[in-house]
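Structural description and commentary
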Amino acid sequence: MSQPTLIQFVWITITVLGTMFGFVLAATLGHKAFVQIRTTYERRQRAVFLPKIHAYIHADSGHFGQYIPGPLGAWDRRVILWTLLEQIRYVRGKVQHRISSAFEELGFVEEARRLLTNRRWVNRVEGAEKLGRMMSRRPLPDLVKLMYDPVPEVRIRAAKALGAIGGLEAVESLLGALKDTNRWSALRIADILATLGEAAVDPLLAEVPKLPAIARVPAIDILGRLRSPKAVRLLEQLLDDPHENARARAAHSLGVIGDPRAAGKLVLALRDSEWPVRAMAAKALGMLPGTAGVPELTKVLGDREWWVRSNAALALGSKGEKGYKALAGLLDSPDAYAAQRAASMLQEAGVFDRFVSKLVDGTPRERAAARKLLEKLVVLQRTDLLQDIAQRHEDPAVREAVAELLESQVETMAAAG
Amino acid sequence: MNWQLWVARAIEGFNAFVLAYFLALNISYILLFFVSLREVLTFLRRTFFSDYQQILRSDMTLPISMICPAHNEEKTIVDTVRSLQMLNYPEFEIIVVNDGSKDETLSRLLTAYDLRRVDRVYKRSLPTKSVRALYASPMVPNLVVVDKENGGKADALNCGINLSRYPLFSSMDADSVIEDDALLKAVKPFMEWPEETVAVGGIVRCANGCTVHEGRVTHIALPRKLLPVFQVVEYLRAFLSGRLGWSALKGLLLISGAFGVYRKSAVVDVGGYDSSTDTEDLELVMALHAVYRERKKPYRIVFVPDPVCWTEVPGNWRMLRRQRNRWHRGMLQSLSRYRRMMFNPRYGIMGMLVLPYFLIFETMGPFIETLGYISVPLAWALGLLNTKFFLLFFVLAVAFGVFLSVAAILLEEISYRRYPSWGDLWKLLLCGVFENFGFRQTLAVFKIQAFWEYLRGLRRWGKLERVGFVKAADTRRAA
């Protein structure tokens, strides 16, 4: 390539680049200026409108137009829309109804409804989201129709709107949407169902057994989150579900509900052939009030799966003195894992700290019991805590007693080879 | 033909090559920018109404282990743990791995959190240097501190993985501050594509100049010194213009060690972090690509531009040189180790586009750029180039650099607007211009030095000297 051609080529490149640079720079500065001007304007107008909006929503009668007369510009309508959407989140009853009426009167409901049929999915999402927040029951049929939209995000927004408006008509659609394999969607729909509260329990109880396994698991989770005692019986039955995830989730939900009558079934679930079910049953038993299941949980500390053992130990740790006693009994277990795990749980629950104090200020019987327990720790070679106490405990008598115990035990173990 | 003519021809030929290479490099950057622009706009639309609160409330959200390796981090470690405690996430544990620090890192943690020695039973899935002690805090039940012998960051992360209880883990730097909702945002791809997602990276931003109060960035501002501001622009270009584009093309090669979330089973499956390289983060991502492509298993390695991690960047040239040397050496090591993937269609876009791109533009780029800086003026001095062309070429070189920087600033401006003031915007724009007069050229020289060190087999961690974050009280005092 000759030099004049090269120069021409470079000139063209610089011109193209310069034009693009100009666009990008103008877009950057223009965008910032636009955002700042609009934000400032909206802040000012919000301060003007807010007292009038409050006056309207707390009044017994009258149209919105009497408080803020039209015609309103696009930016003013935007300020009013978002202010009303913000207000409606915190109110119920008559005030909520007044705000819903304002949305209708100003045509916001109709605008959002039109968005539901827009070609771009993101606009349909916006329409559904706004309708859900406007709490108007008029667009319920449109939202139900939107539950069959090909875009998952749109379906979820429709579900959320249906849930927010509180139509129990939505429950069936929402349960249907749970069949979506996407965990994110399932989780959000589950959350929407959970917000429906007690009203959703009966339809859920009727629908859950009919759902396919993939939808049954999140539905069972919702039953737990609704914390309704009415669900206990069904959840107990679901502990025999053919799908292991459903059994595991049922066990967890029983724990969340916290009905002590479920302990018997959960104890049986500790013998399930699948370890996730055993793990969840152990966790659930820990969540139940009372001390039911302590002997069974003690046995499960020898389970071949670490998660089951770990949950069992945690559960025992939450059972108070009876649980601690069971854990202490495991310190000289031939199962090394069970013994070590029990020691960890007791250590983390602060049980050893209590026993250390007894070495000095306890009755002779308490002193002997404390010494015996702490000796087991040394045998398990769990001397970190004791060495720490021997060096740093605030009471010199305790430091001395623990140091003496450590020394004597080390000698005994050395003598025993 | 005499030798002078030969030299002249060689210089001319080389200059033509430099011009072609330079155009190809910058056009690829511009294409990547447009891919990123599209991706940012789509991402913003998708997340406009995101219900992160629903994840926060749910029992079904995947729990995460935060692994924070610390080696001589006494200045920032307590702030870092505090920022982790305040994360908005339903279930997570914090594992701080004290990797044989010689300063007060461990004792500061012991005091701040009233740590006590505990014994935990855990599975050693990955081999590591021996653990000296484990500590738990009665004040923060989900905090575990591991004191181990020094083995490097990779070894410390592997140790943290062994101790972690949850299916996902997040790696981070002890000198970083993670924003409250970073985990919520980073976990989203794991929830959307539960079977496929193996790793998610977040954006790293420069914390110099920002105010940190109780482990949170409370005031965002640009640093006063010029060198860190250049790096702010560079980070915006690298993350918003570069990684986002590569992620959209399914060719993300790097998840920053400062903040990333991984599926534990996938990482254990590839043998964890590799202590034998200088950049364990790059090595891990390449290993994941290699293994999943070889096994023909569907997978996703994703960059999400939203979850923010703030980190202190080098404040002087000496530290910057150390850091960049290490990064470039690490890249060379990994490219060499995975050369089997290069131009190999079995590895899809990784083998046919991403790795060749990194070889041609990232590895060879500094050499060609530096030689161009020598040969073009030389050709002009020898009368082989006329002044007009020389000046035009210079303008073009600067214009490309400025355009790419301003384009990255535009992406920031239309998306997250972390630097809200006009003053900060002008400062960024000016630095986007001035970084082309010295900063970028110096980085090219650092990379050549790194290449030389790589050939000599040198390995240095290149530890940065931290000054610690600006605290709220300091800001008030300064005011």
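Parameters at a glance
- Residues numbered from 1 in each chain as written.
- Chains lettered and ligands numbered in written order.
- Predicted model: local features only at pLDDT ≥ 70, side-chain atom pairs only at ≥ 80, totals over all residues.
- Helix = DSSP H or I, 4+ residues; strand = E, 2+ residues; numbered from the N terminus.
- Rg over C-alpha atoms; globule rule 2.2 N^0.38 Å.
- Buried ≥ 20, exposed ≤ 12 C-beta atoms within 10 Å, placed from the backbone.
- Contact = placed C-beta atoms within 7 Å.
- Core = buried A, V, L, I, M, F, W, Y, C linked by C-beta atoms within 7 Å.
- Domains from an automatic or database assignment.
- Nonpolar A, V, L, I, M, F, W, Y, C, P; charged D, E, K, R; others polar.
- Pairing = 2+ DSSP bridges.
- Axes fitted to C-alpha atoms, helices over the stretch in contact; angles between N-to-C directions.
- Left-handed = near helix turned anticlockwise from the far one by under 90°.
- Parallel < 35°, antiparallel > 145°, perpendicular 65-115°, else oblique.
- pLDDT = per-residue confidence, 0-100.
- Arc of directions from axis to C-beta.

In terms of helices and strands, chain B carries 17 helices and 13 strands. Computed over its C-alpha atoms, the radius of gyration of chain B comes to 23 Å, within 12% of the 23 Å expected for a compact globule of 479 residues. The dimensions of chain B, computed from C-alpha atoms along their principal axes, are 85 × 55 × 45 Å. Looking at the 479 residues of chain B, the share that counts as buried comes to 48%.

Helix and strand content of chain A: 24 helices and zero strands. Against the compact-globule benchmark of 22 Å for 417 residues, chain A has a radius of gyration of 33 Å, which places it well outside the compact range. Dimensions of chain A, computed from the C-alpha atoms along their principal axes, are close to 95 × 75 × 50 Å. Within chain A, counting contacts between residues at least 6 apart in sequence, those at least 24 apart form 62% of the total.

Attention shifts here to the nonpolar core. By size, the foremost hydrophobic cluster in this structure holds 128 residues, and its most contacted members are Ile64, Cys68, Ile95 and Val285 of chain B. Each of two domains, domain 1 (3-29 + 357-478) and domain 2 (49-315) of chain B, supplies a minimum of three residues to this core. Grouped together as the second largest cluster of nonpolar side chains are 108 residues, Met134, Leu235, Leu297 and Leu327 of chain A included.

To continue, consider the interface of chain A and chain B. Every contact between the two is made by 41 residues of chain A and, on the other side, 41 residues of chain B. Mapped onto the side of chain A that touches chain B, the elements with two or more residues apiece are α1 (3-58), α6 (121-134), α10 (183-195), α12 (213-226), α20 (336-348) and α23 (384-392) of chain A. Tallying contributions element by element places α1 of chain A first for the side of chain A that touches chain B, with 17 residues. Considering only residue class, the side of chain A that touches chain B consists of 21 nonpolar, nine polar and eleven charged.

Moving on to the domain arrangement of chain B. Residue and element names in this part refer to chain B. When its domains are assigned, chain B resolves into domain 1 (3-29 + 357-478) and domain 2 (49-315). Here the C-alpha centroids of domain 1 and domain 2 sit 30 Å apart. Each side of the interface is counted separately: domain 1 has 29 residues, and domain 2 has 29 residues. Those elements giving two or more residues to the side of domain 1 that touches domain 2 turn out to be α14 (387-415), α15 (422-434), β13 (470-471) and α17 (472-478). Top element by residues in the side of domain 1 that touches domain 2 is α14. It accounts for eight residues. Considering only residue class, the side of domain 1 that touches domain 2 consists of 16 nonpolar, five polar and eight charged.

All right, on to the sheet that holds strand β5 (residues 143-148) of chain B then. Residues and elements named next belong to chain B. Strand order in this open sheet of ten strands is β3-β4-β5-β2-β1-β6-β11-β8-β12-β7, and the pairing throughout is mixed. Taken across any chain shown, the strands that pair with only one partner, and hence form the sheet edges, are β3 (116-118) and β7 (176-178). For this sheet the average axis-to-axis angle between neighbouring strands, irrespective of direction, equals 30 degrees. For strand β4 (residues 131-136) and β5, the ladder comprises five bridges, and the chain directions are antiparallel. Each bridged residue has a counterpart across the sheet, and for Val131 the counterpart in β5 is Lys148.

Residues and elements named next belong to chain A. At a minimum axis distance of 7 Å, the contact between helix α5 (residues 108-115) and α6 shows a crossing angle of 145 degrees. As α5 packs across α6, the resulting crossing turns out to be left-handed. Contacts between α5 and α6 involve Phe108, Val109, Ala112, Arg113 and Leu115 from the former and Asn123, Arg124, Glu126, Gly127, Lys130, Leu131 and Met134 from the latter. Here the residues of the contact of α5 with α6 sort into six nonpolar, two polar and four charged.

Further remarks concern the pairing of strand β8 (residues 197-206) of chain B. Residues and elements named next belong to chain B. Here β8 lies mainly inside the structure; ten of its ten residues are buried. Note that β8 and strand β12 (residues 300-311) share eight bridges and pair parallel. Of the residues in β12, the one forming a bridge with Ile203 is Val308. Strand direction decides the pairing type here: β8 and strand β11 (residues 259-263), joined by three bridges, are antiparallel. Paired with Gly201 across the two strands is Gly260, which belongs to β11.

Below, the discussion takes up the packing of helix α1 (residues 3-47) of chain B against helix α8 (residues 226-248) of chain B. All names here are of chain B. Where α1 contacts α8, the axes come no closer than 8 Å and their chain directions differ by 80 degrees. The orientation of α1 relative to α8 falls into the category roughly perpendicular. Residue-level inspection shows Leu32, Phe33, Val35, Ser36, Glu39 and Val40 of α1 in contact with α8, the latter providing Leu240, Ser241, Gly242, Leu244, Gly245 and Ala248. Class assignment for the residues of the contact of α1 with α8 results in seven nonpolar, four polar and one charged.

In this section: unusual backbone geometry. Residue and element names in this part refer to chain B. In this structure, Asn72 takes a positive phi of about 50 degrees despite not being glycine. Assignment of secondary structure puts Asn72 in the loop between β1 (64-70) and α3 (77-85). When the 19 C-beta atoms within 10 Å are taken as the criterion, Asn72 is described as partly exposed. Of note in this structure, Asp114 is not a glycine but carries a positive phi near 50 degrees.

Residues and elements named next belong to chain B. Confidence in the prediction of chain B, expressed as mean pLDDT, is 86, and 93% of residues score 70 or more. For chain B, per-element mean pLDDT is lowest for α17, which scores 46, and highest for β11, which scores 95. This stretch, residues 473-479, has a pLDDT under 50; its non-local contacts, to residues over four places away or in other chains, come to two contacts. Interface confidence in the predicted complex, given as ipTM, is 0.77; pTM for the same model is 0.74.

What follows deals with the pairing of strand β6 (residues 168-172) of chain B. Residue and element names in this part refer to chain B. For β6, a buried count of five out of five residues is recorded, marking the element as mostly surrounded by other parts of the structure. Both faces of β6 are covered, namely the face carrying Leu168, Ser170 and Met172 and the face carrying Phe169 and Ser171. Pairing geometry for β1 and β6, over four bridges, is parallel. Looking across to β6, one finds that Ser65 is bridged to Phe169. Strand direction decides the pairing type here: β6 and β11, joined by five bridges, are antiparallel.

Next up on the list: α5 of chain A. Among the residues making up α5 of chain A, those that are buried are Phe108, Val109 and Ala112 of chain A. Down the axis of α5 of chain A, the buried side of the element spans an arc of 100 degrees, and every buried residue falls inside it.

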